[in-house]
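Per-entry structural report
Each chain is listed here by its residues.
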Amino acid sequence: MIYADNAATTKMSKTAINAMLPYFDTIYGNPSSLHTVGQEAAEALLSSRKAIAEILGCNANEIYFTSGGSEADNQAIISAALSGERKGKKHIISTAIEHHAVLHTLNKLEKQGFEITLLDAHDDGIVRTEDLIQAIRPDTALVTVMYANNEIGTIQPIREIGAICREKGIPFHTDAVQAVGHIDIDVQRDNIDMLSLSAHKFHGPKGIGVLYAKRGTVLTNLIEGGAQERGKRAGTENIPAIVAMSAALKEAAEHIEENAAKLTAMRDRLIEGLLQIPHTILNGDHSKRLPGNVNVCFEAIEGESLLLLLSEKGICASSGSACTSGSLDPSHVLLAIGRPHEIAHGSLRLSLSEENTPEDIEYIIKTVPELVEYLRNMSPIWNDLQKGEKNYVIQ
């Protein structure tokens, strides 16, 4: 089985698994307890917080543990919105290609009277800083732009966006769920005020994440209860998952350059191979993308059918975000970069990890064209295109 759906989730590393095991049956205390067992857990909590902070380039007291990226996105955006509202600022800037954890939160705020401006990601999937500058208003309360897109893998000019926000005095949040562990990130260097991450995207466990919030940021509680996370996120901390996340992130950070080099080589070979298929187009910029992300559209096929056939051939892939895989609607990301509905339906996302091999890539390059040809031969649309009764969209 070739697993090429790492943007959806990654396999837990042995390092992460081994790190968390003692916290199930040996150091199992509640970190809020004052006895020895509880304080051993508290020490693990603090050391994990410090380790993650060091990797991100911030202070330990700026790290808040959450259930994952979606919760962190929600808390960051709602906090900034309500803080801005208290100052008479009810305008938020984001992009049309954000994860739904961001877009749905913005939709909710819009119903509460906030104005939302979504920047164009252009046909290469990258936001332009000049568009941001033009969109900023005196009442702008927040700019939230994802670090790297979960579907097409494009990396945004985060440092430049952050610098603009810093100059204008506007809080800047980035959903870095797809980027952390794969790209070198420093919140100070990149001018980031708030950042969201999720452990299961870099070989940690599911159900645990982080919200980085710069000191002085006023956070609004989403969960009320105890005084955990300095009173900003109630609930007994998930120590096994937190320890595993810390271990996984540390391992990823230590190997980030070599992993990126390996993945980039396989990614580029895969793109080269897939683009040999007639009437196929790459989605997103060729080079300003995550090292392991490949996203293409094939004319005159349905992506879902291709995924089922690939699975039969031992290849795990996706057509876009796992969070919307049950939807029949085409990807909002592909529509935002200008793909027509009928082309967006024929998308394939292959997201690699360092566990993939060049042999995996060659097998995918051999298999996908065969399946695309098989599906096209059954397609009346393809038949019309071949006869010249319709014009090709992808040349």
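About the thresholds
Residues numbered from 1 in each chain as written. Predicted model: local features only at pLDDT ≥ 70, side-chain atom pairs only at ≥ 80, totals over all residues. Heavy atoms only, no water. Helix = DSSP H or I, 4+ residues; strand = E, 2+ residues; numbered from the N terminus. Rg over C-alpha atoms; globule rule 2.2 N^0.38 Å. Buried < 20%, exposed > 50% of the residue type's maximum accessible area, 1.4 Å probe, protein only. Contact = heavy atoms within 4.5 Å. Core = buried A, V, L, I, M, F, W, Y, C linked by side-chain atoms within 4.5 Å. Pairing = 2+ DSSP bridges. Axes fitted to C-alpha atoms, helices over the stretch in contact; angles between N-to-C directions. Phe/Tyr/Trp six-rings, centres within 6.5 Å; stacked < 30°, edge-to-face > 60°. Lys NZ or Arg CZ within 6 Å of the ring centre and 35° of its normal. Salt bridge = Lys/Arg side-chain N within 4 Å of Asp/Glu carboxyl O. Expected span 1.5 Å × (residues − 1). Arc of directions from axis to C-beta.

Counting its regular elements, the protein chain contains 14 helices and 12 strands. For 395 residues, the compact-globule estimate of 2.2 N^0.38 gives 21 Å, and the C-alpha radius of gyration of the protein chain, at 22 Å, lies within 12% of that figure. Counting across all 395 residues of the protein chain, residues that qualify as buried make up 55%. Relative to all contacts within the protein chain whose residues are 6 or more apart in sequence, the contacts with residues 24 or more apart total 72%.

In this section: the nonpolar core. Ranked by internal contacts, the top residues of the largest apolar core, which has 52 residues, are Ile 63, Val 143, Ile 192, Leu 195 and Met 245. Elements with a contribution of two residues or more to this core: α1 (14-20), α3 (36-56), β2 (63-66), α6 (129-135), α7 (158-168), β7 (194-198), β8 (209-213) and α8 (239-254). With 8 residues, the top contributor of residues to this core is α8. Look past the residues within four positions of Met 245 in its chain and what remains in contact with it is Ile 52, Phe 65, Leu 197, Ala 199, Phe 202, Pro 205, Ile 208, Gly 209 and Val 210. The next biggest cluster of nonpolar side chains, apart from the first, holds 29 residues, and it includes Met 266, Leu 270, Phe 298 and Val 372.

As summarised here, the arrangement of the 7 strands in space is β2-β8-β7-β6-β5-β3-β4, forming an open sheet in which the pairing is mixed. Looking at which strands have only one partner, the edges of the open sheet turn out to be β2 and β4 (115-119). Put simply, the sheet's adjacent strands are angled 20° from each other on average, direction ignored. For β7 and β8, the ladder comprises 5 bridges, and the chain directions are antiparallel. Looking at the pairing, Ser 196 lines up with Leu 211 of β8.

With that out of the way, let us pick up the packing of aromatic side chains. Counted according to the given criterion, the structure contains 1 aromatic pair. Aromatic side chains Trp 382 and Tyr 392 sit 5.9 Å apart centroid to centroid with 65° between the ring planes, which places their arrangement in the edge-to-face category. With Trp 382 in helix α14 (residues 380-387) and Tyr 392 in the segment after α14, the pair connects residues that are 10 residues apart, well separated along the chain. Accessibility expressed as a relative area gives 11% for Trp 382, which makes it buried. You can call Tyr 392 partly exposed: its relative accessible area is 22%. Lying over the aromatic face of Tyr 64, Arg 230 brings its terminal NZ or CZ to 4.1 Å of the ring centre. Lying over the aromatic face of Trp 382, Arg 376 brings its terminal NZ or CZ to 4.2 Å of the ring centre.

Attention now goes to the pattern of salt bridges. Counted under the stated rule, the structure contains 18 salt bridges. Between Glu 229 and Arg 49 there is a salt bridge, with its nearest N and O atoms 2.8 Å apart. Of this pair, Glu 229 sits in the loop between β8 and α8 while Arg 49 sits in helix α3, placing them 180 residues apart in sequence. By relative accessible area, which is 8% here, Arg 49 ends up buried. Residues Glu 362 and Arg 269 are paired through a salt bridge, measuring 2.8 Å at the closest nitrogen-oxygen approach. Remark: Arg 269 occurs in helix α9 (residues 256-274) and Glu 362 occurs in helix α13 (residues 358-377); sequence separation between them is 93 residues.

With a phi close to 50°, Glu 229 is a non-glycine residue in the positive phi region. Non-glycine residue Ala 300 carries a positive phi angle of around 70°. Inspection of the secondary structure assignment puts Ala 300 in the loop between β10 (293-298) and α10 (303-312). The exposure class assigned to Ala 300 is buried, which follows from its relative accessible area of 12%.

Sheets are built from strands paired through backbone hydrogen bonds, the pairs being either parallel or antiparallel. Here 3 strands make up an open sheet; going across it, the order is β9-β10-β12 and the pairing antiparallel. Where the open sheet ends on each side, the last strands, each with one partner, are β9 (280-282) and β12 (347-351). Along the sheet, successive strands turn relative to each other by an average axial angle of 25°, direction set aside. As paired strands, β10 and β12 are joined by 5 bridges and run antiparallel to one another. Among the inter-strand pairings, Asn 293 is bridged to a residue of β12, identified as Ser 351.

The subject of this paragraph is α9. With 19 residues, α9 extends 26 Å from end C-alpha to end C-alpha; this agrees with the ideal 27 Å at 1.5 Å per step. Taken together, the buried positions of α9 are occupied by Ile 256, Asn 259, Leu 263, Met 266, Arg 267, Leu 270, Ile 271, Gly 273 and Leu 274. Across the axial projection of α9, the buried residues extend over an arc of 155°, all falling on one side. Opposite the packed face of α9, turned more than 90 degrees from it, sit the exposed residues Glu 257, Glu 258 and Ala 261. Elements in contact with the buried residues of α9: α8, β9, β10, β12 and α13.

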